[in-house]
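# Report on the structure
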Amino acid sequence: MTFTYESLPMRVVFGIGSLRQLPEETERLGLRRVLVLAAPGRRALAEQAATLLGEVYAGLFTEARTHVPADLAEVARAAAREVGADGCLALGGGSTIGLGKAIALTTGLPVISVPTTYAGSEMTPVWGLTDNGRKRTGRDRAVLPRSVIYDPELTLRLPVDTSVTSGFNALAHAVEALYAPDASPIVSLMAEEGVRSLAAALPVVAADPSGMKARTDALRGAWLCGACLGATTMSLHHKLCHILGGTFDLPHAAVHTVMLPYVAAFNLLAAPPAEQALRRALATDDVPGHLARASAALGAPRSLAELGLTERDFDEIVAQAQNRPYANPRPVTEQALRSLLTEALKGTLSP
Ligand code: NAD
């Protein structure tokens, strides 16, 4: 066995009611002027955080949008400059945390993240910006949140459909971490436990969205899956979802949910240890089928067609997927890609 593992310098505060520790976290970082970032629908929560911040609260920017449009990032940077911010608090899902990262990328301002979905961006040094229908991503330590506060209370109102698709988004990180070129024993442990915790919690969350125990288990699993994303290089699944979201504007978490079983069916054939870990975590002998049936049973979209994709879009997807090499446990030929996309378009694993 050979591997390289490097841990990321970040601090995680987890627990019910942990948002109240915000003043301590800003104090630890020595922040004096904090700009609060949120999505338009999350204003009440952002105001609650502003109150907790007290005199270090510098302003509110509630325009976060999915895939971080580059012009929006510019407006947010200007807002940070205007209020003299020396740090940002990104409170919300991956879109809001992505906006915080976009500010950090060019200004170096430290970000505190308070995730309220299961997307996992808070645990990674990966930034993304969308310009003219193309999403660019990169890795930069400057965007890695300095402190992450996970408070299950903040997820109690996350709608069931978003909870489910966001949960599958997180599972996808763990699945791809298990066969990543830079996988390691510690990442595999996190991935297996993340999948176990989150997959078991999601049906309970769907049945009772305000149940604190399942919400806590789901968020704990999401943290572990997010840590896998931050520690490894993702493969075909993330590449395809990135294209489908960035170019075709399909909803990020729903795309992950639909695609995961199909990429797993393709890749796990060449990744036996990953498949074994997932079989244990999901208590099944049929990982792709289980993933497809589980998401469908929880009401998630089953096919790319349901999300609005058509076969006419395949040429562009294939061209983009093949224009830059990336690691994958199996070689991705054009024919394999078209066949995988056809299956996902039809939703053949969850009839
Ligand atoms: P999102 O941030 O767009 O949130 C989805 C919706 O849920 C929004 O309408 C939001 O307002 C709402 N919401 C969030 N938390 C809520 C809560 N607790 N209660 C009620 N509503 C709530 O979606 P997302 O799936 O979290 O993030 C997707 C974005 O994150 C994509 O742009 C994706 O590329 C990016 N992402 C980046 C990374 C990375 O490492 N860079 C990782 C994962 C995702």
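All chains considered together, the criterion is met by one aromatic pair. Lying across the ring of Phe 266, Arg 330 places its NZ or CZ 4.0 Å from the centre.

This next bit is on the site of the ligand. In the vicinity of the ligand there are 21 residues, among which Ser 95, Thr 116, Thr 117, Thr 124 and Lys 135 approach most closely. Within the backbone of Gly 94, a nitrogen or oxygen atom sits 2.8 Å from an oxygen atom of the ligand. Between Thr 116 and the ligand, the recorded distance is 2.6 Å, taken from a side-chain N or O atom to a nitrogen atom. In isolation the ligand offers 860 Å² of accessible surface; the protein chains occlude 82% of this area. For the shell around the ligand, the element with the highest residue contribution is helix H4 (residues 94-107), accounting for three residues. Within the shell around the ligand, the residues separate by chemical class into seven nonpolar, ten polar and four charged.

Now for the domain arrangement of the protein. Domain assignment breaks the protein into domain 1 (11-155) and domain 2 (160-346). Using C-alpha coordinates to define each centre, domain 1 is positioned 25 Å away from domain 2. Contact residues are listed per partner, giving 22 residues for domain 1 and 28 residues for domain 2. Roughly 2100 Å² of surface becomes buried between domain 1 and domain 2 when both sides are summed, with 62% attributable to carbon and sulfur atoms. The largest per-residue losses of area from domain 1 upon contact with domain 2 belong to Phe 14, His 67 and Tyr 118, which jointly make up 32% of the total buried on that side. On the surface where domain 1 and domain 2 come into contact, there are zero salt bridges.

Per the stated rule, a full pass over the model turns up zero disulfides. The thiol sulfur of Cys 228 is not disulfide-bonded, and the nearest other cysteine sulfur, from Cys 225, lies at 6.0 Å.

Parameters and conventions
- Residues numbered from 1 in each chain as written.
- Predicted model: local features only at pLDDT ≥ 70, side-chain atom pairs only at ≥ 80, totals over all residues.
- Heavy atoms only, no water.
- Phe/Tyr/Trp six-rings, centres within 6.5 Å; stacked < 30°, edge-to-face > 60°.
- Lys NZ or Arg CZ within 6 Å of the ring centre and 35° of its normal.
- Near = heavy atom within 4 Å.
- Polar contact = N/O pair within 3.5 Å; in protein donor to acceptor, adjacent residues only side chain to side chain.
- Areas by Shrake-Rupley, 256 points an atom, 1.4 Å probe, with all protein chains shown as cover.
- Helix = DSSP H or I, 4+ residues; strand = E, 2+ residues; numbered from the N terminus.
- Nonpolar A, V, L, I, M, F, W, Y, C, P; charged D, E, K, R; others polar.
- Domains from an automatic or database assignment.
- Contact = heavy atoms within 4.5 Å.
- Buried area = accessible area lost by both parts, 1.4 Å probe.
- Salt bridge = Lys/Arg side-chain N within 4 Å of Asp/Glu carboxyl O.
- Disulfide = S-S within 2.5 Å.

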